[in-house]
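Topology and contacts: notes
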Amino acid sequence: MNSDSVAMTDLSGKMHKPETVCIFGTGDFGRSLGLRLLQSGYSVVYGSRAPKNSLLLPKGSKVMTHAAAACDAHVVFVAVHREHYGFLSSLASDLEGKVLVDVSNNLKRGLYPESNAEYLSRLVPGATVVKAFNTISAWALQSGGLDANRQVLICGDCADAKQQVVDIAQSLGFTALDRGSLRAAAELEDLPLQLFPLWRLPLNIAICLTAFIFFYALTRDVIYERVTNGKDIAFRIMISLANKAFPIVSLVMLSLCYLPGALAGFLQLYNGTKYRRFPDWLDRWMLCRKQLGLLALAFGFLHVLYTLVIPIRYYVRYRINVYTISLVKDNNTYEFDNTAAWRYDSYYSMGILGFGLFVLLGITSLPSVSNSLNWREFCFVQSKLGYITLLLCTAHTFLYGWDRFLKPASYRWWMPPAYMLSLVVPCVVLILKLILITPCVDRNVTRIRQGWERQGKISANGRDTKTNHPLIA
Ligand code: NAP
């Protein structure tokens, strides 16, 4: 036993030899894994092409040739890039009966016809290959998984071999999640290559919407003023136009969170069953509702921040001063308008309440909070409070516009004010929801969601009578 390795004692206090784990490769991953294994009480032996030149290895580990290292351990981690796996076929006899843990990832998807783990299994047919740890970075191993991903995804064809790797993962402080047979390895290898898959659609929507509203407002406000009155008000781009685009994007994206749910309800009513699959686009849309909502909240935050600076803006102070001075000069008084007072107070109040509930929705979507809620509580917050948030934010926008839609001057170059565009999707969603919650429709939707099916929807062979497609279970 290596003098530096941690000696283990059992309940009776007897010392016993720590289990030895072999690691092929003394690179970043191999070194971090070795250190972690040593800290967890394992004995570590490295297999390297150049044992004598291997530096910076964790204290207490041994390093030798691949063949010699493999003899010492039953579990061998292959911390080598797939491109270099070729040398393993010459070690086939040394690795006979061993558990080979494939930790490798690729640089791109679809680079090879088969997964790295299946390739390894083909190179060393006498060994049992388990895919694991590829979703854990060298840094996460070093930091002890405390401020990094703590889940080790595992797959392989042999339950015993998988269990040995699960035991190791657990003793290193990770939770192990069995993802099935070695055929799942390709999927596990793709995971580290994903770049925010669920954020892509919401981000694209946010970027396109922001660009569209910004250029719309730019044309209507700045370019129109320049062309028709020769006035340069381009300085408004920085705050006024930004503060027009952000609330609109926020409101439209919040309604886009709730639109797929309403569409799904109507689709189920139309199909007369909940067992028919939704179209792919609707499925994808439903999956990214949380991301849509969080982005909507981020734009809402920007709107709040931009609104807070309005009173300290040079332009605003200038306008107020000019107006006040003109009143004094003309000896006029600024009459109190009761309707305007009600309108502005209601407008701010709706905005504040809407934003407050919006923040609450954001907080409850955090895994640590949502995990503490039961399904009914979660649905109450995300659905009922969500719709109330949408209603308050829509009312806030209506109050902002007030009677402007009646004034012809608001339609510059026949373009309605941007706030009117922002009301289209929320109004559609609220009307659809209103229809869905009317008692007669709600009764049917609820029955369908509890498993009821309209007669004639399924044929004797369990297929859809209309399309002859199998219905989902
Ligand atoms: P690395 O720093 O480049 O180390 C790879 C090691 O492989 C080298 O140190 C070398 O060790 C050995 N090697 C290089 N060429 C070889 C050859 N021709 N034949 C045999 N052995 C060779 O890479 P790494 O970052 O440690 O990654 C190792 C594996 O872990 C990769 O498959 C990677 O996808 C996976 N992984 C890495 C991370 C990470 O955060 N780094 C995370 C998850 C998975 P010797 O000189 O001792 O032979």
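Residues numbered from 1 in each chain as written. Predicted model: local features only at pLDDT ≥ 70, side-chain atom pairs only at ≥ 80, totals over all residues. Heavy atoms only, no water.

Buried within helix 17 (residues 439-449) we find Val 441, Val 445 and Ile 448. Down the axis, helix 17 shows its buried residues gathered within 60 degrees of arc, on one side only. With respect to the buried face of helix 17, the exposed residues turned more than 90 degrees away are Pro 439 and Arg 443. Against the buried residues of helix 17 lie helix 8 (242-271) and helix 16 (424-436). Phi turns positive one or two residues past the end of helix 17, at Gly 451, with a value near 110 degrees. (Buried < 20%, exposed > 50% of the residue type's maximum accessible area, 1.4 Å probe, protein only. Helix = DSSP H or I, 4+ residues; strand = E, 2+ residues; numbered from the N terminus. Arc of directions from axis to C-beta. Contact = heavy atoms within 4.5 Å.)

Along its sequence, the chain is organised into domain 1 (20-193) and domain 2 (197-450). The centre of domain 1, based on its C-alpha atoms, is set 50 Å off from the matching centre of domain 2. (Domains from an automatic or database assignment.)

We now examine the site of the ligand. What surrounds the ligand is a group of 19 residues, the closest being Thr 26, Phe 29, Ser 48, Asn 105 and Ala 138. Between the ligand and Gly 27, the relevant distance is 3.0 Å, taken from an oxygen atom to a main-chain nitrogen or oxygen of the residue. His 81 places a polar side-chain atom, nitrogen or oxygen, 3.0 Å from an oxygen atom of the ligand. Its free accessible area being 880 Å², the ligand has 78% of it covered by the protein chains. Tallied by class, the residues present in the shell around the ligand amount to seven nonpolar, ten polar and two charged. (Near = heavy atom within 4 Å. Polar contact = N/O pair within 3.5 Å; in protein donor to acceptor, adjacent residues only side chain to side chain. Areas by Shrake-Rupley, 256 points an atom, 1.4 Å probe, with all protein chains shown as cover. Nonpolar A, V, L, I, M, F, W, Y, C, P; charged D, E, K, R; others polar.)

Take unusual backbone geometry next. Positive phi, normally seen in glycine, also occurs at Phe 196, with a value near 45 degrees. Summarising the element assignment, Phe 196 is placed in the loop between helix 6 (185-190) and helix 7 (197-229). Residue classification places Phe 196 among the exposed positions, given a relative accessible area of 56%. Of note in this structure, Asn 331 is not a glycine but carries a positive phi near 55 degrees.

A separate point is the pairing of strand 3 (residues 20-24). Strand 3 sits mainly inside the fold: five of its five residues count as buried. Judged by which residues are buried, strand 3 turns out to be covered on both faces: Thr 20, Cys 22 and Phe 24 on one side and Val 21 and Ile 23 on the other are all buried. For strand 3 and strand 4 (residues 43-47), the ladder comprises five bridges, and the chain directions are parallel. Its bridge partner being in strand 4, Thr 20 is matched across the sheet by Ser 43. (Pairing = 2+ DSSP bridges.)

For the structure shown, the criterion picks out twelve salt bridges. Of the charged contacts in the structure, one is a salt bridge between Asp 28 and Arg 31, with a shortest N-O distance of 3.0 Å. With a gap of three residues between them, Asp 28 and Arg 31 both fall in helix 1 (residues 28-39), about one helical turn apart. Overall, the relative accessible area of 54% leaves Asp 28 in the exposed class. In this structure, Arg 179 engages Glu 187 in a salt bridge whose closest nitrogen and oxygen atoms are separated by 2.8 Å. We classify Arg 179 as partly exposed; its relative accessible area is 31%. Salt bridges sharing partners connect three or more residues here, namely Arg 220, Asp 221, Lys 244 and Arg 412. (Salt bridge = Lys/Arg side-chain N within 4 Å of Asp/Glu carboxyl O.)

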